[in-house]
Amino acid sequence: MSLTIEDIKHPKIKAWVEECIKMCEPDNVVVVDGSKEEYDRLMKKCVDAGLATPLKAKENCFLFRSLPSDVARVESRTFISSVKEDDAGPTNHWIDPKELKATMKGLYKGCMHGRTMYVQAFCMGPLGSPISKNGVEVTDSEYVVLNMDIMTRAGKKVWDIFNADPNAEFVPCLHSVGKPLNNGEKDNGIWPCADVEHKYISQFPEEHLIWSYGSGYGGNALLGKKCFALRIATVLARDEGWLAEHMLILKLTRESDGEVKYVTGAFPSACGKTNLAMLIPTIPGWKVETIGDDIAWMKFGKDGRLYAINPEAGFFGVAPGTSEQSNKNALISAEKNTIYTNCGLTEDGDIWWEGIGYAPKGKEIVDWHGNKKPCPANDKNPKDKAECIAHPNARFTAPAGQCPCIASNWEDPNGVPISAILFGGRRPSTVPLVHQARSWNHGVFLGSIVGSEITAASTINADEVGKIRRDPFAIIPFCGYNMGDYFKHWIDIGKASTEDKLPKIFYVNWFRKDENNKDLPGGFMWPGYGDNSRVLAWIFDRCDGKDNFVETPIGFMPKEGAINTDGLADYYKKTLPEILKVDTEGWLKEVKDIRENHYPKFGKHLPKELNEILDDLEKRLKA
Ligand code: OXD
Ligand code: MN
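Read on for an overview of the structure. The shown structure was predicted, so the numbers you read here are calculated from the model rather than taken from an experiment.

1. Side note on the nonpolar core
The tendency in soluble globular proteins is for nonpolar side chains to be buried side by side.
So, step 1. Ranked by internal contacts, the top residues of the largest apolar core, which has 128 residues, are Phe 64, Trp 297, Tyr 340, Phe 423, Phe 445 and Trp 490.
So, step 2. Here the element with the most residues in this core is helix 8 (residues 224–240); it accounts for nine residues.
So, step 3. The next biggest cluster of nonpolar side chains, apart from the first, holds 36 residues, and it includes Ala 420, Leu 536, Phe 540 and Cys 543.

2. What about the packing of aromatic side chains?
So, step 1. Here the structure, examined in full by the defined rule, presents 30 aromatic pairs.
So, step 2. The rings of Phe 423, Trp 440, Phe 473, Tyr 481, Tyr 486, Phe 487, Trp 490 and Phe 602 are connected pair by pair, giving a single aromatic cluster.
So, step 3. If you follow Arg 238 out to its NZ or CZ, it ends over the ring of Tyr 481, 4.6 Å from the centre.
So, step 4. Above the face of the Phe 549 ring, Arg 542 is positioned so that its terminal group lies 4.1 Å from the ring centre.

3. Here's the deal with the side chain of Asn 548
So, step 1. Within the secondary structure, Asn 548 is located in the loop between helix 13 (532–543) and strand 29 (549–552).
So, step 2. A polar side-chain atom of Asn 548 sits 2.9 Å from a polar atom in the side chain of Arg 542.
So, step 3. Leave out the neighbours within four places in its chain, and Asn 548 touches Trp 538, Asp 541, Arg 542, Met 557, Pro 558, Lys 559 and Ala 562.

4. Considering the sheet that holds strand 17 (residues 314–318)
So, step 1. One open sheet accounts for five strands, arranged 2-3-18-23-17; its pairing is mixed. The open sheet has two edge strands with one neighbour each: strand 2 (52–54) and strand 17. The average undirected angle you get between the axes of adjacent strands in this sheet is 20°.
So, step 2. As judged from the three bridges shared by strand 18 (residues 339–341) and strand 23 (residues 395–399), these two strands associate in the antiparallel manner. By the bridge assignment, Tyr 340 is partnered in strand 23 with Phe 396.
So, step 3. Contacting strand 3 (62–64), strand 17, strand 18 and strand 23, helix 5 (residues 142–151) runs over the sheet at an angle of about 115° to strand 17.

5. Re empty space enclosed by the protein
So, step 1. Summed over the entire model, instances satisfying the criterion amount to two cavities of 30 Å³ or more.
So, step 2. Empty space within the largest cavity amounts to approximately 130 Å³.
So, step 3. Contributing to the lining of the largest cavity are 13 residues, with Leu 51, Ser 141, Glu 142, Tyr 143 and Pro 192 lying nearest its centre.
So, step 4. Of the residues assigned to the lining of the largest cavity, the class counts are seven nonpolar, two polar and four charged.
So, step 5. Its boundaries defined by the atoms lining it, the second largest cavity holds a volume of some 30 Å³.
So, step 6. Residue assignment for the lining of the second largest cavity shows that the elements contributing at least two residues are helix 2 (36–48) and helix 5.
So, step 7. Of the residues contributing to the lining of the second largest cavity, the split by class is four nonpolar, two polar and two charged.

Conventions we followed
- Residues numbered from 1 in each chain as written.
- Chains lettered and ligands numbered in written order.
- Predicted model: local features only at pLDDT ≥ 70, side-chain atom pairs only at ≥ 80, totals over all residues.
- Heavy atoms only, no water.
- Core = buried A, V, L, I, M, F, W, Y, C linked by side-chain atoms within 4.5 Å.
- Buried < 20%, exposed > 50% of the residue type's maximum accessible area, 1.4 Å probe, protein only.
- Helix = DSSP H or I, 4+ residues; strand = E, 2+ residues; numbered from the N terminus.
- Phe/Tyr/Trp six-rings, centres within 6.5 Å; stacked < 30°, edge-to-face > 60°.
- Lys NZ or Arg CZ within 6 Å of the ring centre and 35° of its normal.
- Polar contact = N/O pair within 3.5 Å; in protein donor to acceptor, adjacent residues only side chain to side chain.
- Contact = heavy atoms within 4.5 Å.
- Pairing = 2+ DSSP bridges.
- Axes fitted to C-alpha atoms, helices over the stretch in contact; angles between N-to-C directions.
- 1 Å grid on protein atoms, 1.4 Å probe; cavity = no way out; pocket = protein on both sides within 12 Å on 5 of 7 lines; lining within 4 Å.
- Points joined across faces, edges and corners; volume = space filled by probe spheres on them.
- Nonpolar A, V, L, I, M, F, W, Y, C, P; charged D, E, K, R; others polar.

Following this line, the structure appears as structure tokens:
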């Protein structure tokens, strides 16, 4: 039975929804119940409006195409609107909340004319978990409701929580695509959104409030994800003494004795976070299962250990590059009940993208703009990005429960105890395959220096090539407050427990290159993907304190023979010693870059502990 506004009993939610109705002036209001019947009805509405195409080749799967102006998160239009500018810090865009609210109220006024307003209650995290948090998204986009239905626990079960407790906390999330339909106008198959200069993705950290306007895409619009589970949650975590992180969570089992360890990992975009979370080990005797692929919320248990939950219920994965070889488990996860966005459409009604592992069948294919093109002969990226069949940020939204390697306890309300935290980026030089921090604070230092080297492929500015684009803790676009204070929060978390109970911290680098070695596929000195299990096995043993390491100036590293190389191609066996040694000269340059270019950005907010570790590292490298 569908819900109506009368079914909302929670006084604060009711009052806030009424305010939204008054401001946005929708034609109708629907309270989302989360039923299958409702999902099917909203999807049919999208199909009838020409916004979605059912995929003949995949059960209950649909393809959406957005406008070229609305294909990704828009960091330049994302605001941390704290009362004081200093609280947003040097890495966030800031507008005074009074000014931003006045501007956005002007845009919201009447913005839902001709549209239905959906009121969707959702829970981030397993229902009933003490770590989970609830929100309500008000939106005029069916696409958002459908995606949020996959990505969160949404609907009646969450309304029941609110109706049972009039004081239950919630994060209000207001969203509009910013495209009112006046005088009977229709979308007519055109993705609704506003011009870039009218897009606003706003977080008001003091009020734990989210206002998003003008974009219908991903992290801009599915407000439970980046806006709530990271930007607002980092603020909640700081204030309440826990961690909200841009991290995958995996379960690692040593099959010989069934011993299990849980590992989280933070990597900047395009470093294979989803692939690592769903890895298929190449070494026998090890099993990797997935708890989450993007976000981890970690809280201390009574035993002083950090316990993590995945606040999400689905994967919003990047499609291009996902293949049987790179991530078979992701492909299987998205075989049914999945929403695809900006992928190619084949003649037999299936999706296709560059890097899928095969050329499309048939003569013609429809690209992400909706134009017919001759089928490419292979799945390689064309030289000109404009020729791509799928947009490079094309996505699949798939229920996490469909993943063949989802851990049976992925929804444990108590979370899973974390033994290791990994950091990493794309570093073609200097940073070895793996090294372990000497202490929690040293680990915080490693998190604070995460970054990827800028390559000719990622910039049009030749002067930038070779420089490091730092993305500390891979959370720069998602931290809801001053990053210097965020570092301090991590240092404080270390003080709340003891080193033996805290997770061990590691820095990994799958991306060392030697362009001159023609044996190496792509010039990469390490195969990555399933072979990363070799490094995970070493990390597992390190967490048990096994004598498998040597001390070096940069931390603990595998001693000779400690990384399992059985079955590894000879050319990788040959390059392994090179990526397992300390490049003293490279690290001294790193120290200089951190001291001169990176840390000064955080001014007085940078905790002194990080400068001390930096000085200590330099001393050790020069000793
Ligand atoms: C994502 C991102 O979409 O990190 O997960 O941008
Ligand atoms: Mn992410």
